[in-house]
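# Architecture at a glance
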Amino acid sequence: MSIALIAPYESLATLCRSICQELDLDVSVHTGSMEDGVRIARNLMAEGVDFFISRGLTAQLIREQCPLPVAELEVSAFDIYLCLEPLLRSGKSIGVVGHSDILRKAKGASAALGFTIDFYATAHPGGMGHIMEAARRQGIAAIAGDAVAARTAERYGMEGVLVQNGADSVTNTLQYAVATYSYLTRQATMAGRLQTVLDRMDGGALLASPDGRMLHCNAAVRAMLEPDQGCTETSMDDLFPQLDWRAVPEGRAETVRELVTVGGSKLAVTVTGTMHDDAMDALICTFHDVRQIEQLEHSFRKSAKPDTPTARHTFSSIVHRSPAMHRCIARAEQFAATQSSILLVGETGTGKELFAQSIHNHSPRAQGNFVAINCGALPEDLLESELFGYAGGAFTGALKSGKAGMFELAHNGTLFLDEVNATSPKLQTRLLRTLQEHEVMRVGSTAVIPVNVRVIAASNAPLEAEVSAGRFRADLFYRLNVLDIRIPPLRERPEDILLLFNMFLERFSAEQHRSTPPVPRGTERKIMAHGWPGNVRELQNYAEKYAILYPEEAALGADITPWTPHAALTAEHAHTPAYGTAAAPVSRDLLHGTLEDITRAAVAAVLHEENGNLSSAARRLGISRNTLRRRLE
């Protein structure tokens, strides 16, 4: 970026070079008049010059033919006086020819000093001949003006005198031009930075006139235009034919916010106006791709709770060899590709959450949150606030800012409801509405929050029996049971027992920094003969115990064997999850001893009658699941 001065005559160029050197101004000086000056200006533009200084008609032609700012070297009234004074002393009739600035100053000088001078205005060199003919007919003997006027006067038989710039006027013009150039450079730099900011916006931004003509836009808008279509050649109607943007300039709305579809993309568009002198002078329009908004919303929801659980496991994490488990995994992989709700049914310890995490990671929602909650582990009120969130001040101890619930945190992801059969009728009603309407309302709030959540529910007892007993809503069951998977217990897949046991044994031995202990054939037979009512979880716990205690037990010559079911346990109840004496019926004549013994026996009897279902037994006894567990210890 630089400044160039084009002087119409050489003596002016010499004067300008001298002043630029004296003032240390970075201005290149060239000589050229009229069309020759325009040619020089065009060549300089190609070399990077972006600001010109010139004089008179040459300055005018450069301004008309070059799209760059042009500062004009103006003559002062004193410069004009110095030119006219010799002519006045000679007694010749004088005419001054030039543009408005020279004429204005010449008139001022003649009026102040009492000169008698004729004035001829010219706006273009093409009309110079007519002016000279008129001046000669009027008896003018000498013409004062710029270089063109002086040369033309001599061709018409009159004396031509050049009005030259003095050193003061040249100095003033150069200093003003350099200051103006510096200001324009700063403005251009700032405008470039602002344009860079606009271009790097995620969405589109444009400025338009009140009648919809686009004035300025960013890169996102330009990307929507045709290759040969300029920003200023486009209107709001061209860009958004469906948008009622006229509501803003017509006063029907202060701001227009609409969803429109452009080129297959759904955009959220906002239009507002800017006012000047109580009148609207421009429209500001911004828009964003709805998909970007959804992604941003997902990020906000995810950052709202940094410790949100993630799904760590995949189907490859499910160690198995049995055909039964292979079929179960194949079914789960098939279901994972859908968006439908899934119900997982399996005894305690069969790995329902492992399946839920694997389904999530194998689904289109794998990039979203995986949020899990055990419905049987929390009291009803606490479970409600955890699932649906609460508004600030909804209850004593509530955060002032409120709290997002599990449904909100699982937006665009998966919510795993473990032990869903343990939920109360009240919560079942709220769950049903949320699944139907895809929206939640926080506890203590009336605001409705839309959510997009896939629900995977799990139950350790057949929900059909819970529905038949009136403990579970049938409509919620049908909503959850769109797709169902029954995870087989460990006793139904004996091929996996030793495989899993050895894997756990190696893992726990490594954690203890010990070598993996051997497993005698007799112990293997006892492991295979055991019913494993606690399934994989029980097997895992036993493997940990074996890894820790084996050296001491081996030194004593004792075998470590797993717990064996009571002999009275019939084949009919062999599949029932057990807790101590709950595995077999308890006779009434056994209800003797201390109150604690009687209580434990009674609890075990109820648990047996409920087929080992902790939630159902706890409801019958009017106690929590945790209390029930303690009673069985």
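Please refer to the structure higher up on the page.
What you see is a predicted model, and the numbers here were worked out from it, not measured in a lab.

## Remarks on the sheet that holds strand 19 (residues 454-459)
Spatially, 5 strands are ordered 15-16-19-14-20 in an open sheet, and the strand pairing comes out parallel. Edge positions in the sheet fall to strand 15 (370-374) and strand 20 (483-486), since each has one partner strand and no second. If you compare each strand with its neighbour and ignore which way they point, the axes differ by 15° on average. Summarising the sheet, strand 15 and strand 16 (residues 414-418) pair through 5 bridges and their orientation is parallel. Paired with Asn374 across the strands is Asp418, a residue of strand 16. Relative to strand 20, helix 12 (residues 323-336) is tilted by about 160°, and along the sheet it contacts strand 14 (342-345), strand 19 and strand 20.

## A closer look at the state of the cysteines
In a disulfide, the sulfur atoms of two cysteines are covalently bonded to one another. Taken as a whole and assessed by the stated rule, the structure comprises 0 disulfides. In this structure Cys20 is a free cysteine whose sulfur lies 6.4 Å from that of Cys16, the closest cysteine sulfur available.

## Considerations on the sheet that holds strand 3 (residues 49-54)
One open sheet holds the 4 strands; their spatial order is 2-1-3-4, and the pairing between them is parallel. A single partner strand is all that each edge strand has here, and the edge strands are strand 2 (27-31) and strand 4 (70-72). Across this sheet, the average inter-strand angle for adjacent strands is 25°, counted without regard to direction. As judged from the 5 bridges shared by strand 1 (residues 2-7) and strand 2, these two strands associate in the parallel manner. Within strand 2, the residue paired with Leu5 across the bridge is Val29. Packing against the sheet, helix 1 (residues 10-23) makes contact with strand 1 and strand 2, and its axis sits at approximately 170° to strand 2.

## A look at the nonpolar core
It is characteristic of soluble globular proteins that their nonpolar side chains tend to be buried jointly. Counting residues in hydrophobic clusters, the biggest one holds 29 residues, and the most contacted among them are Leu387, Phe407, Leu415, Leu417 and Leu480. Those elements that place two or more of their residues in this core are strand 15, helix 14 (380-388), helix 15 (406-409), strand 16, helix 16 (425-437), strand 19 and helix 18 (474-480). With 4 residues, helix 16 is the largest single contributor of residues to this core. The contact partners of Leu387, leaving out residues within four places of it in the chain, are Ile373, Gly405, Met406, Phe407, Leu415, Leu417 and Leu431. Counting 27 residues, the second largest nonpolar core, distinct from the first, contains Ala4, Ile40, Val49 and Met128.

## Thoughts on the pattern of salt bridges
Counting across every chain of the model gives 20 salt bridges. Glu74 serves as the salt-bridge partner of Lys105, at 3.6 Å between the closest nitrogen and oxygen. In this pair, Lys105 is assigned in helix 5 (residues 100-113) and Glu74 in the loop between strand 4 and helix 4 (77-90), connecting sequence segments 31 residues apart. According to the relative accessible area criterion, Glu74 is partly exposed, its value standing at 38%. Note that Glu492 is salt-bridged to Arg486, the shortest N-O span being 3.0 Å. Here the salt bridges share partners, and the residues they tie into one network are Asp244, Glu250 and Arg252.

What counts and how
Residues numbered from 1 in each chain as written. Predicted model: local features only at pLDDT ≥ 70, side-chain atom pairs only at ≥ 80, totals over all residues. Heavy atoms only, no water. Pairing = 2+ DSSP bridges. Helix = DSSP H or I, 4+ residues; strand = E, 2+ residues; numbered from the N terminus. Axes fitted to C-alpha atoms, helices over the stretch in contact; angles between N-to-C directions. Contact = heavy atoms within 4.5 Å. Disulfide = S-S within 2.5 Å. Core = buried A, V, L, I, M, F, W, Y, C linked by side-chain atoms within 4.5 Å. Buried < 20%, exposed > 50% of the residue type's maximum accessible area, 1.4 Å probe, protein only. Salt bridge = Lys/Arg side-chain N within 4 Å of Asp/Glu carboxyl O.

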